Amino acid sequence: MPADGGDPRYHPIPLAFSRLAPDEQARRLQAFAARLQSRRTVRHYADEPVPDGLIDGAIAVAGTAPSGANMQPWRFIVVRDPETKRRIRLAAEDEERAFYQQRATDEWLEALAPLGTDWHKDFLEVAPVLIVVFRIDYGIRHDAEGREERIKHYYVQESVGIACGFLLAALHVAGLATLTHTPSPMGFLADILGRPKNEKPYLLIPVGYPAADAVVPDIAKKPLDEIRIRK
Ligand code: IYR
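As a starting point, this report considers the structure included with it. (Residues numbered from 1 in each chain as written. Predicted model: local features only at pLDDT ≥ 70, side-chain atom pairs only at ≥ 80, totals over all residues. Heavy atoms only, no water.)

All right, on to the side chain of E93 then. Relative to the helices and strands, E93 resides in helix α3 (residues 82-103). A polar contact of 2.6 Å, which involves the side chain of E93, links it to the backbone nitrogen of K121. Contacts of E93, omitting those with residues within four sequence positions, involve W119, H120, K121 and D122. (Helix = DSSP H or I, 4+ residues; strand = E, 2+ residues; numbered from the N terminus. Polar contact = N/O pair within 3.5 Å; in protein donor to acceptor, adjacent residues only side chain to side chain. Contact = heavy atoms within 4.5 Å.)

Written as structure tokens, this is what we have:
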């Protein structure tokens, strides 16, 4: 155990950790891996509602993610209001139209071709829930005179990326389909959702049940031997 007499702001408590039997370790990993292997990015949704408890529960899982200096630099906006979803769709389609028709390089369009995407983003209105993830670039507090002070955040991109990974996994385990959507640029999300200047849009995640006739591209993940190198 580390000696005391260190920094008074450091308050260690005993670690709660349950050591598993080796066969139980393997069993749990196998079950989790099998679950995640069936996850697909879904672009066709049923207009069927999803329970708020599942969305909140998955966001709570995202909130367990590690983050730089434990600043937890994330905000999750849950959009269900049809009018707000419509505004988001129209603004996103404006950006996406410009992307597909002008901004995208031929190389980029070539890379996207196997995914079957285009500028139409029906899913932004059809999916019952949009989770809009914001990264919080710095915290804000006010000093005794009411002056605004900025609290530095660290490794914001990495931290929010990890939280989003947890979120996507949790939503999948909860039996919901998702899409990691990144309209670019996506500043319109901060305007439509009225977020403060220290919050920047990071990811737009439609959530719901797949449409009965949903299809996905026939693409595969790289095999383990290609992504893992042992030294
Ligand atoms: N934002 C566009 C294009 C797009 C880009 C990448 I990289 C993708 O993996 C998928 C789509 C769109 O959403 O269509």
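The structure having been displayed, the exposition proceeds.
Taking 1.5 Å per residue, 22 residues should reach 32 Å; α3 reaches 29 Å between its end C-alpha atoms and fits that length. All of the buried residues along α3 are T84, K85, I88, R89, A91, A92, E93, E96, A98, F99 and Y100. Looking at the buried positions of α3, the neighbouring elements they touch are β1 (74-79), α4 (106-112), α5 (123-126), β2 (129-136), α7 (188-193) and β6 (199-208). (Expected span 1.5 Å × (residues − 1). Buried < 20%, exposed > 50% of the residue type's maximum accessible area, 1.4 Å probe, protein only.)

Working definition: two side chains of opposite charge can pair if their charged atoms are close together. Throughout the structure, instances matching the rule amount to 19 salt bridges. A salt bridge links R89 to E93, with the shortest nitrogen-to-oxygen separation between them at 3.1 Å. Linking R89 with E93, this pair stays in helix α3, spanning four residues, or about one helical turn. Residues R89 and E93 agree in their burial class; the two are buried. Among the ionic pairs, K121 bridges to E96, the shortest N-O distance being 3.7 Å. Of the two residues, K121 sits in the loop between α4 and α5 while E96 sits in helix α3, which places them 25 residues apart along the sequence. You'll find K121 and E96 in the same group, each marked buried. (Salt bridge = Lys/Arg side-chain N within 4 Å of Asp/Glu carboxyl O.)

All right, on to the site of the ligand then. Taken together, R43, E96, F99, Y100, W108, L112, L115, T117, D118, K121, H181 and T182 are the residues near the ligand. Here an oxygen atom of the ligand and a side-chain polar atom of K121 are 2.5 Å apart. Within the contact set of the ligand, a nitrogen atom lies 3.5 Å away from a backbone nitrogen or oxygen of T182. Among the cavities detected, the one that contains the ligand is the largest pocket. Top element by residues in the shell around the ligand is α3. It accounts for three residues. (Near = heavy atom within 4 Å. 1 Å grid on protein atoms, 1.4 Å probe; cavity = no way out; pocket = protein on both sides within 12 Å on 5 of 7 lines; lining within 4 Å. Sits in = over half its atoms within 2 Å of the grid points.)

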